[in-house]
Amino acid sequence: MNPEDFQIVELGDPRLRAIAKPVELTQLSSALEQAAVMQHWMEHRGGVGIAAPQIGVPLQLMIIASRPNNRYPNAPHMAPLLMINPEPVSFSDNEVTLWEGCLSVPGIRGKVTRPESVCVRFVDRAGVTQEQVLTGFPARIFLHEYDHLIGKTFVDRVASVQDLTTDKVYFEQIANA
Ligand SMILES: [Zn+2]
């Protein structure tokens, strides 16, 4: 699969509103090829996560890959984690409000309130079911990417349009405030 045959799907494209289908585990090797394309685009565009609908593939596949870069200078390091058929199992009661961006919503950030921790179940790249508790930024990435699998983006999660800003204003006025 050539990554250049795919591109990042952007807000307004109906493919971002579709509900992703579960990966058939008999098709694991093809899902891994799609994941490699996702990882290419995530790294190429400076993302810390990506979901398959963002490259126009309607499958329940996501990668979370927190690491510092110029879009997220304070992100913690983690090895990219591919999650197949992920689902949240339970959430923490406490919630945090953070600014999010999205490769599918270029140039815009939104302030979104989400649970601080989430227990997730997923199938890993070896086909084994895993359960893991994510806290802080990795939990945030998971919840953001999971939204892509159910046809939502962070724009649907802001409390008000007042909670939207541009990257330029974010970095000039908000990030270091
Ligand atoms: Zn996104």
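Residues numbered from 1 in each chain as written. Predicted model: local features only at pLDDT ≥ 70, side-chain atom pairs only at ≥ 80, totals over all residues. Heavy atoms only, no water.

> Explain the sheet that holds strand 2 (residues 61-64) to me, please; I cannot follow it from the model alone.
Whether parallel or antiparallel, the strands of a sheet pair through hydrogen bonds between backbone atoms. On the basis of which strands lie adjacent, the open sheet formed by 5 strands has the order 1-2-3-6-7 and antiparallel pairing. Every other strand in the sheet has two partners, leaving strand 1 (49-51) and strand 7 (129-135) as the edge strands with one partner each. Recorded for the sheet is a direction-independent mean angle of 40 degrees between the axes of neighbouring strands. Pairing of strand 3 (residues 81-91) with strand 6 (residues 117-123), which is carried by 5 bridges, proceeds in the antiparallel orientation. Within strand 6, the position partnered with Glu87 by the bridge is Arg121. Strands strand 1, strand 2 and strand 3 of the sheet are contacted by helix 1 (residues 28-44), whose axis makes an angle of about 45 degrees with strand 2. Along the sheet face, helix 2 (residues 137-149) touches strand 1, strand 2, strand 3, strand 6 and strand 7 and points at about 160 degrees away from the line of strand 2. (Pairing = 2+ DSSP bridges. Helix = DSSP H or I, 4+ residues; strand = E, 2+ residues; numbered from the N terminus. Axes fitted to C-alpha atoms, helices over the stretch in contact; angles between N-to-C directions. Contact = heavy atoms within 4.5 Å.)

> Hey, could you run me through the pattern of salt bridges in this one?
If the charged atoms of two oppositely charged side chains come close together, the side chains can form a pair. Evaluation of the coordinates by the stated rule reveals 11 salt bridges. Where salt bridges share partners, they join Glu100, Arg114, Arg140, Asp147 and Arg157 into one cluster. (Salt bridge = Lys/Arg side-chain N within 4 Å of Asp/Glu carboxyl O.)

> Looking at this model, I keep getting lost on the UniProt feature "binding site: Fe cation" (unreviewed entry) in the protein. Mind explaining?
UniProt annotation of "binding site: Fe cation" (unreviewed entry) refers to Cys102, His144 and His148 when read in the numbering used here. Of the residues just listed, which span 47 residues, no C-alpha pair is farther apart than 10.3 Å, and they cluster in one region. Restricting the annotated residues to those that line the largest cavity leaves Cys102, His144 and His148. Relative to the helices and strands, His144 resides in helix 2. (UniProt positions renumbered as here; feature names shortened; annotations may be inferred. 1 Å grid on protein atoms, 1.4 Å probe; cavity = no way out; pocket = protein on both sides within 12 Å on 5 of 7 lines; lining within 4 Å.)

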